[in-house]
Amino acid sequence: MNEVASPKKTLTALVVAHNEEDNLKACLDTLRFADEIVVVLDKCTDGSKAIAAGYADKLIEGSWDIEGPRRHAGIDVCTSDWILEVDADERVSPELAAEIMDKIQAAPFGHFLIPYDNYVGDHLVRYGWGGSWGVSATVRLYARGAKLWGAQRVHPGVELKGERMWLENRMIHYVDRDISDMIRRLDRYSTARANDLRASGKIGSLPDNIRRLFSRFFKCYIGRKGYKEGLYGFLIALMAGLFPLLSYIKAKLEDGK
């Protein structure tokens, strides 16, 4: 008696972008292997829509202040068995694409952690990420329904369901163009975090955040071996330490933006 083959599992690639015309085409070019491409454009005023229209099976435009609803605007229209979330400054290599399509065919309901190769400009920085300042691996591939985004403006929490698994091939991530771009990101992230702190009514204290500056620096520079990256590792650890302190000061002294 002939066995009936199981249906092929399908994949939706989901991209959420704000004014990413410089990155979007290169990102979407690496996602053609997916069965479906969904692009969410948030408050875009540049040429992102024209670029996305050449790739997307579904294109959603809107305005969101919170990361969770922005992500779920795309997640809710994905129709495939599995979802791969990719930011515009990330690239999926052919090796990672092949591994993804292979792994999802027999994977149980759950989610995959994908390791990252993070670049500052054209410099690969593999050590030191963490403390709310970049990741060395994160969940971007998951069965539909296995990931729920939280309501924070920056670094939102996520609820994950099912079995946790790992991929071997790395996502390519162009984190910052240069050191000035890194500093601008610190300013954006700390402003968004300050808004979250004010909204929660619990902004913390100066002594606690001074302590976190040193603990986060140590965690990234020593615990996560940022020292192996020379001055890049020092900068990443410094940014990780400054992030909660600057967020607290902005929440304390500013009215919000």
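Analysis parameters
- Residues numbered from 1 in each chain as written.
- Predicted model: local features only at pLDDT ≥ 70, side-chain atom pairs only at ≥ 80, totals over all residues.
- Heavy atoms only, no water.
- Pairing = 2+ DSSP bridges.
- Helix = DSSP H or I, 4+ residues; strand = E, 2+ residues; numbered from the N terminus.
- Right-handed = clockwise from strand over helix to strand, strands pointing away.
- Buried < 20%, exposed > 50% of the residue type's maximum accessible area, 1.4 Å probe, protein only.
- Lys, Arg positive; Asp, Glu negative; His and termini not counted.
- Salt bridge = Lys/Arg side-chain N within 4 Å of Asp/Glu carboxyl O.
- Contact = heavy atoms within 4.5 Å.
- Polar contact = N/O pair within 3.5 Å; in protein donor to acceptor, adjacent residues only side chain to side chain.
- Axes fitted to C-alpha atoms, helices over the stretch in contact; angles between N-to-C directions.
- Parallel < 35°, antiparallel > 145°, perpendicular 65-115°, else oblique.
- Left-handed = near helix turned anticlockwise from the far one by under 90°.
- Nonpolar A, V, L, I, M, F, W, Y, C, P; charged D, E, K, R; others polar.

Colleague: Please set out the pairing of strand E3 (residues 58-62) residue by residue, giving values where relevant.
Modeller: Relative to E3, strand E2 (residues 36-42) is paired through five bridges, and the arrangement is parallel. Bridge pairing links Val39 to Leu59 in E3. Crossover handedness for the path E2 to helix H2 (residues 48-53) to E3: right-handed.

Colleague: Tell me about the side chain of Glu229, and name the residues and values.
Modeller: By secondary structure assignment, the location of Glu229 is in the loop between helix H6 (206-223) and helix H7 (231-253). One buried charged residue, Glu229, remains without a salt bridge, the closest side chain of opposite sign being Arg126 at 6.9 Å. Once residues within four sequence positions are removed from consideration, Glu229 is found in contact with His123, Leu124, Val125, Arg126 and Tyr127.

Colleague: Please set out the environment of Glu67 residue by residue, giving values where relevant.
Modeller: Within the element layout of this structure, Glu67 appears in helix H3 (residues 67-75). With sequence-adjacent residues up to four places away left out, Glu67 is seen in contact with Trp149, Gln152, Arg153 and Pro156. Here Arg70 takes part through its side chain, which lies 2.5 Å from a polar atom of the side chain of Glu67.

Colleague: Mind laying out the packing of H6 against H7, listing which residues take part and the relevant values?
Modeller: Two elements in contact, H6 and H7, have axes separated by 8 Å at closest approach and are oriented at 160 degrees. The orientation of H6 with respect to H7, classified from their angle, is roughly antiparallel. At the point where H6 passes H7, the crossing takes the right-handed sense. Together, Leu206, Asn209, Ile210, Arg212, Leu213, Arg216, Phe217, Cys220 and Tyr221 of H6 and Gly233, Phe234, Ala237, Leu238, Ala240, Gly241, Leu242, Phe243, Pro244, Leu245 and Tyr248 of H7 make up the contact between the two elements. Grouping the amino acids of the contact of H6 with H7 by side-chain chemistry returns 15 nonpolar, three polar and two charged.

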